[in-house]
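Structural overview
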Amino acid sequence: MPGYSGLTSATLDPCNGSEEQFTSLTISLDNDGDLAYDSADTDCQAVGVPTISIAPASKDYGNVTVMSSSSQVFTISNTGTAPLDLTDGVLSDPTNFSLDLLSGEPNGCGDPPPQIAAGDNCTVSIAFNPTLVASFTEMITVTSN
């Protein structure tokens, strides 16, 4: 009568050869039939990640007369390795500041906001139009993937 002493199961990862080594035997999986294995298979390459960066981090608008306007340009960059999808830009003080996506400009972020390729960028303008004499601070929150 045959007997079994402990059954072992293994999960094979077609992209990581370290998990495919067994006692005196190495098995590599060709997960798509292209005869490329592990890190040599383009299907096993690392997935890119978008990374957002906004420059400059801050700007001083200086003294601006009440009911007049001063604008500053900011660059939104994708320093990552996959496309960056911009979905929204919200100002913390929309009474005294306004956001312009520079839709008609050559490098403007446009309307609707774009997808920024890895290594690329676009620009927006934030105008300061104070309604009273005071000190103001503004923050823009950009939503993306």
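Everything discussed here concerns the structure shown above.
The following paragraphs examine the structure supplied in this document. Counting starts from 1 at the beginning of each chain's written sequence and moves along it residue by residue. Note on the predicted model: pLDDT of at least 70 is required for a residue's local features to be given, and 80 or more for side-chain atom pairs to be given and counted; whole-chain, interface and lining totals, by contrast, use all residues. Neither water nor hydrogens contribute to the side-chain values; these are computed over all heavy atoms in the structure.

1. A closer look at the packing of aromatic side chains
Within 6.5 Å between ring centres, the rings of Phe, Tyr and Trp (the latter by its six-membered ring) count as paired, and their orientation is classed by plane angle as stacked under 30 degrees, edge-to-face over 60, tilted in between. For the structure on display, the rule yields four aromatic pairs. Both rings, one in phenylalanine 97 and one in phenylalanine 128, keep their centres 4.7 Å apart while their planes meet at 20°; by these two values the pair is stacked. With phenylalanine 97 in strand 6 (residues 97–100) and phenylalanine 128 in strand 8 (residues 121–128), the pair connects residues that are 31 residues apart, well separated along the chain. The pair phenylalanine 97 / phenylalanine 128 is uniform in exposure class, with both members buried. On the basis of an interplanar angle of 65° and a centroid distance of 5.5 Å, the ring pair of phenylalanine 128 and phenylalanine 136 is categorised as edge-to-face. Under the scheme applied here, a residue whose accessible area is under 20% of the maximum for its type counts as buried, over 50% as exposed, and between as partly exposed, the area being computed with a 1.4 Å probe on protein chains only. On the basis of relative accessible area, phenylalanine 136 is assigned to the partly exposed category, the value being 23%. In DSSP terms, a helix is any run of H or I states spanning at least four residues, a strand is any run of E spanning at least two, and both are numbered starting from the N terminus.

2. Here's the deal with the state of the cysteines
Cysteine sulfur atoms that come within 2.5 Å of each other are treated as a disulfide pair. Applying the stated criterion across every chain, the model contains one disulfide. Disulfide pairing places cysteine 109 opposite cysteine 122 at an S-S distance of 1.9 Å. On the S-S bond that ties cysteine 109 to cysteine 122, the torsion sits near 85°, and the link is right-handed. Within this pair, whereas cysteine 109 is found in the loop between strand 6 and strand 7 (115–116), its partner cysteine 122 is found in strand 8, the two being separated by 13 residues in sequence. The exposure class of cysteine 122 is buried, given its relative accessible area of 3%.

3. Concerning the sheet that holds strand 5 (residues 84–91)
Each strand in a sheet pairs with another by means of backbone hydrogen bonds, the pair being arranged parallel or else antiparallel. Strands sit in the order 7-5-9 across an open sheet of three strands; the sheet is antiparallel. In the strand order of this sheet, the two ends are held by strand 7 and strand 9 (140–144), each with one partner. Criterion used throughout: strands pair if DSSP finds at least two bridges between them. Sheet topology places strand 5 next to strand 7; two bridges connect them, and they run antiparallel. Across the sheet, leucine 84 pairs through a bridge with isoleucine 116, a residue of strand 7.

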